[in-house]
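# Chains, contacts and geometry: an overview
Residue-level listing of the chains:
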Amino acid sequence: MVDYQEILNSIYAKLQKRVDKGKVASYIPELANVPKEKFGIYLNRIKGENYCVGDWEEPFSIQSISKVLSFALAFSKLKNQVFRRLDVEPSGNPFNHLSLLEMENGIPRNPFINSGAIVIADMLLSMLDDPKNDFLAFVQGITNDPTIQFNKTVAASEAETGYGNYAAANLLKSFGNLENDVDRVLDFYFHQCSIEMNCKQLSNAFYLFANRGKCMQHTTHLSINQVKRINAIMLTCGFYDEAGEFAFEVGLPGKSGVGGGIVALLPNEFVLSCWSPGLNEKGNSYLGMLALEEFTTQTNLSIF
Ligand code: DON
């Protein structure tokens with residue numbers, strides 16, 4: 001029998017001691033003040049007990065992790081039509097990179113780089129009656145947690161300094177790949193990124209991707225084929241220009257955010273969330289990457 005609690009405790013104890021914990025994101029001013037010492041892990045096992053360690057109950061900004069949830073909602077409603085406006089190839093570039101978008105005529109490489117998520121935000125805006133509230137209700141529903149909310153201060157902070165995202169949205173608009181006004185699309189996008197969750201809520205939110213499209217309450221939101229595709233995009237594109245490294249070290253589909261969260265999953269087995277706000281130079285949680293590598297190495301559990 002694997003002693004999951006012992007494994008999480010030992011990973012936590014070992015990594016918590018590290019002096020180098022990466023750099024907290026400061027380009028969204030509101031995120032700059034989060035203490036670097038925070039570190040939590042939550043393991044939700046599909047057919048077994050759950051385990052946790054550290055600051056797993058403390059909410060953080062999920063940021064780009066929200067892109068998987070917005071893509072899941074758009075994909076569930078529009079089916080393969082979503083791929084008329086974006087691709088599913090890794091970009092090999094940072095999340096906010098723009099030159100490929102221009103060279104490829106406004107078709108983002110994938111839904112998890114900023115430009116791709118902005119196109120998805122545009123689709124949701126066109127499709128939902130009350131876009132921000134309906135999206136939040138979807139996230140609350142799959143997580144079975146009505147307490148999950150936007151952080152409006154974080155959304156406003158990003159709106160004030162999000163010049164790169166305005167550039168991306170304007171470029172998309174100039175290529176005819178946005179239906180709605182740039183300001184409305186970005187208001188939705190900044191809000192989705194500002195959603196706060198703790199490690200437990202994040203593991204619960206991603207449960208359906210490890211459980212063939214059924215969330216914790218057994219409601220089906222996605223087909224098995226859609227889940228296969230979403231997990232494939234997480235594996236190949238979830239960590240931007242570090243996606244190869246993540247597959248190599250961790251061997252799981254997953255997604256990171258500049259708030260320092262990482263969620264990764266093994267289909268039919270578990271969802272594992274880590275939070276440590278210090279980032280590496282690729283914008284992914286420094287300790288989070290190490291924690292996930294330790295976990296899959298110690299347990300011999302990965303998709304490979
Ligand atoms: O658009 C941005 O730059 C942020 N709201 C999200 C970026 C992010 O989380 C990248 N992930 N590691």
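Here, the structure is the one placed above.
Before going into details, it helps to say that this report is about the structure given with it. (Residues numbered from 1 in each chain as written. Predicted model: local features only at pLDDT ≥ 70, side-chain atom pairs only at ≥ 80, totals over all residues. Heavy atoms only, no water.)

## Notes on the pattern of salt bridges
So the rule is basically this: Whenever a carboxyl oxygen of Asp or Glu lies within 4 Å of a side-chain nitrogen of Lys or Arg, that contact is scored as a salt bridge.
Tallying each qualifying case throughout the model produces 6 salt bridges. Connected through salt bridges with shared partners, the residues Arg85, Asp122 and Glu179 form a single ionic network.

## Thoughts on the nonpolar core
The line we're drawing: Among buried residues, those of type Ala, Val, Leu, Ile, Met, Phe, Trp, Tyr and Cys that are joined through side-chain atoms within 4.5 Å constitute a nonpolar core. Burial classification: accessible surface area is computed with a 1.4 Å probe over protein chains only, and a residue below 20% of its type maximum counts as buried, one above 50% as exposed, and the rest as partly exposed. Under the scheme used here, helices are H or I runs from DSSP no shorter than 4 residues and strands are E runs no shorter than 2 residues, and both carry numbers assigned from the N terminus. Residues are treated as being in contact if the distance between any of their heavy atoms lies within 4.5 Å.
In this structure, Phe206 and Phe209 are the most contacted members of the largest nonpolar core, which totals 67 residues. Counting residues per element, this core draws most heavily on helix 4 (residues 114-127), which supplies 8 residues. Here Phe209 is in contact with Val68, Leu69, Ala72, Leu222, Val227, Ile230, Asn231, Met234 and Leu265, once residues within four sequence places are set aside. Grouped together as the second largest cluster of nonpolar side chains are 28 residues, Leu43, Tyr51, Phe246 and Val250 included.

## A word on unusual backbone geometry
Even without a glycine there, the phi angle at Gln63 is positive, about 50°. Note that Gln63 resides in the loop between strand 4 (60-61) and helix 2 (66-78).

## What to know about the site of the ligand
Our working definition: Neighbouring residues are identified by heavy atoms, a residue being near a molecule or strand if any of them is within 4 Å of it. Pairs of N or O atoms within 3.5 Å make up the polar contacts considered here, provided that, within protein, one atom can donate a hydrogen while the other can accept it, and that residues adjacent in sequence are counted only when both atoms are side-chain atoms. A 1.4 Å probe and the Shrake-Rupley method give the accessible areas. Residues count as covered only by the protein chains that appear here.
Surveying the vicinity of the ligand reveals 15 residues, the closest of which are Tyr27, Gln63, Ser64, Glu158 and Tyr189. Within the side chain of Gln63, an N or O atom sits 2.6 Å from a nitrogen atom of the ligand. Within the side chain of Glu158, one N or O atom sits 2.7 Å away from a nitrogen atom of the ligand. Surface burial for the ligand is 99%, taken as the share of its 340 Å² of free accessible area covered by protein chains.

## A short note on the pairing of strand 3 (residues 51-54)
The condition that has to hold: DSSP-based pairing: two strands are paired if at least 2 bridges between them are found.
Sheet topology places strand 2 (residues 40-45) next to strand 3; 4 bridges connect them, and they run antiparallel. Bridged to Ile41 within strand 3 is Val53. With antiparallel pairing between neighbouring strands as the criterion, strand 2 and strand 3 make up a hairpin whose turn holds 5 residues.

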